[in-house]
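Examining the three-dimensional arrangement
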Amino acid sequence: MTSPVELVRRSLAAESGRVFDERVETQATYLRERLAAGDLETEDFAIGLEMEVYAVSTDGSAPRLRKVPDAVYGASERVSKELGLHNAEVNTEPVALRPSGFESQRIGIETALEAAGDALGTDAGFALDAMWTVPTEGGSEPYLSAHEIQDGVTLARNMRADPRYYAIDNEVLRLVDGTVPLAVPGTSRTFPTILFESLATSMQPHLQIPDIETVPSYFNAAIRTLGPLLALAANSPFLPPDLYEDVADPTALVTETPHELRVPVFEQSVNYTGDPKVRVPADIERTADVIEQIAVDDRYAPFLSEWLDDESEAGTEAFADAFPEFEHKRGTYWRWVRAVIGGDPVPDAGDERSIRIEYRPLPTQPTVRDVIGLQALTAGLLRGLVASEHPIAELPAEAARESFYAAVDDGPDADLDWIRVDGTRTSDAEEIFGEVFEYARRGLREQGFTDGRIDELLGPIEARWEERTTPSQWKKDRVREHLDDGDDLATAIHTMQREYVTRSRDTETFAEWR
């Protein structure tokens with residue numbers, strides 16, 4: 001078995017990059033041919049979800065970060081490893097976008113979390129949250145910075161021992177001359193690895209598109225919805241307080257910190273090529289553009305398929321096995337919306353030859369029902385906008401990008417841009433969110449959902465708009481209250497986090513938090 005250090009060294013070698021590029025282009029040509037032949041058409045829309053969580057202690061004190069033992073990943077086939085030793089990812093089984101679909105998604109998440117939680121132990125649990133703030137006993141900076149160097153290769157001690165993660169880390173370190181900067185309100189510091197990316201956790205809904213000719217319509221509509229949906233979902237305003245540096249005015253920090261700190265943390269951890277890897281993508285004109293976007297993207301930590309053990313079952317060959325280098329490059333194409341070719345077969349909705357939209361900007365939500373509500377809002381809105389031929393794609397791309405980053409900064413109070421159904425432009429929040437929920441309902445009705453079921457799914461998220469609040473706003477309000485009561489910043493954040501984890505476990509939806 002080849003050592004991780006040797007694999008990283010191979011990944012960073014110039015000759016490996018040349019071979020990788022040649023294979024990506026060959027495999028991209030194969031996918032262009034499959035697309036032109038109609039092989040990626042499917043029977044129906046389908047949904048799926050990835051959701052990242054982190055482990056914490058549950059002994060009654062502040063929910064301190066915990067590492068996840070390997071036994072957890074054997075407890076459920078739907079729970080997999082992530083970047084940090086404290087992380088796990090829940091992957092739902094994709095299902096057709098039909099009335100029973102979201103119930104299947106909910107049961108899948110809850111079953112996977114229960115099995116993984118049992119394996120985690122009685123004194124620990126998983127937090128459904130978007131950024132941890134209570135570190136391990138040794139503190140945040142030592143945990144995130146711990147590393148060793150072997151034969152010139154940096155190995156972060158609290159990163160999963162996956163050579164592909166190590167290769168990405170060392171690619172970044174090569175680009176930044178050895179230290180990775182992080183500058184957000186309250187701190188400006190550097191780290192010796194990219195592991196600070198593992199501060200953040202997210203959820204990524206997937207929507208499979210059956211008619212490949214309509215993929216551009218869905219892709220471009222998804223870009224225009226980034227701002228409004230993130231404004232409703234925001235959930236990560238604070239770092240662990242021991243990462244802040246001499247904050248003279250903690251109350252001012254609460255005001256200034258972005259509602260979605262997760263976004264600049266991710267972007268600053270890896271955005272060091274000529275064209276930033278993490279950003280809002282460009283529009284596409286043809287479905288084939290989703291292949292071109294990846295094929296021409298800056299290469300990052302390339303891996304050749306023969307370097308790794310074959311993980312597929314003996315005697316089986318999946319569609320994606322025909323394009324492993326292309327798929328690896330897609331894995332480092334970290335746009336906030338991206339297309340994925342291939343996947344698991346979906347009963348009554350198609351086989352593994354498919355195209356789906358992966359919607360990436362959303363943070364993990366406080367409860368499973370909130371997660372499902374946001375998944376339903378995303379899928380329903382995209383379906384409804386395209387089915388109704390809504391002119392949302394006429395919103396200029398730069399305005400969509402600015403709306404996204406406004407939501408990052410200001411959450412539910414963000415200044416957003418939208419195109420009304422009559423083709424005129426608006427920044428009126430009442431009109432924007434009125435259409436967001438109207439067309440999400442329209443999309444779900446197109447797939448056979450009753451109004452009652454739609455109310456059940458979207459109600460918890462719609463309540464956020466009615467109350468003008470989000471989990472991030474709740475966190476800011478709680479920390480501000482604790483500061484007003486005389487707590488220092490660290491105590492205020494840790495107290496808020498304990499309250500958050502408790503409510504997350506004791507309630508069905510964030511809408512119940514008052």
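Residues numbered from 1 in each chain as written. Predicted model: local features only at pLDDT ≥ 70, side-chain atom pairs only at ≥ 80, totals over all residues. Heavy atoms only, no water.

**Looking at the layout of surface pockets**
By volume, the second largest pocket is sized at about 530 Å³. Every residue lining the second largest pocket is counted, 25 residues in all, and those nearest its centre are E110, T367, V368, R369 and T507. Those elements giving two or more residues to the lining of the second largest pocket turn out to be α4 (101-120), β6 (124-127), α12 (368-387), α15 (451-467) and α17 (489-506). Element by element, the count of residues in the lining of the second largest pocket is highest for α4, at 5 residues. Considered class by class, the residues forming the lining of the second largest pocket number 11 nonpolar, 6 polar and 8 charged. (1 Å grid on protein atoms, 1.4 Å probe; cavity = no way out; pocket = protein on both sides within 12 Å on 5 of 7 lines; lining within 4 Å. Points joined across faces, edges and corners; volume = space filled by probe spheres on them. Helix = DSSP H or I, 4+ residues; strand = E, 2+ residues; numbered from the N terminus. Nonpolar A, V, L, I, M, F, W, Y, C, P; charged D, E, K, R; others polar.)

**Concerning empty space enclosed by the protein**
One pass over the structure, following the stated rule, counts 3 cavities of 30 Å³ or more. Volume-wise, the largest cavity comes out at about 60 Å³. If you go around the largest cavity, the residues you meet are I47, G48, P205, H206, L207, I357, Y359, Q375, T378, A379 and L382. At the level of secondary structure, the elements contributing two or more residues to the lining of the largest cavity comprise β1 (46-57), β11 (203-208), β13 (355-359) and α12. Top element by residues in the lining of the largest cavity is α12. It accounts for 4 residues. Classifying every residue of the lining of the largest cavity by side-chain character gives 7 nonpolar, 4 polar and no charged. Quantified by volume, the second largest cavity comes out at close to 50 Å³.

**Side note on α4**
Taking 1.5 Å of rise per residue, the 20 residues of α4 would be expected to cover 28 Å, and the 28 Å separating its terminal C-alpha atoms lies within 8% of that figure. Listed as buried for α4 are G101, F102, Q105, I109, A112, L113, A116, G117 and L120. When α4 is viewed along its axis, its buried side chains cluster within an angular range of 130° and face the same direction. Away from its buried face, by an angle of more than 90 degrees, α4 presents the exposed residues E114 and D118. Of the residues one or two after α4, G121 is the one with positive phi, at around 115°. (Expected span 1.5 Å × (residues − 1). Buried < 20%, exposed > 50% of the residue type's maximum accessible area, 1.4 Å probe, protein only. Arc of directions from axis to C-beta.)

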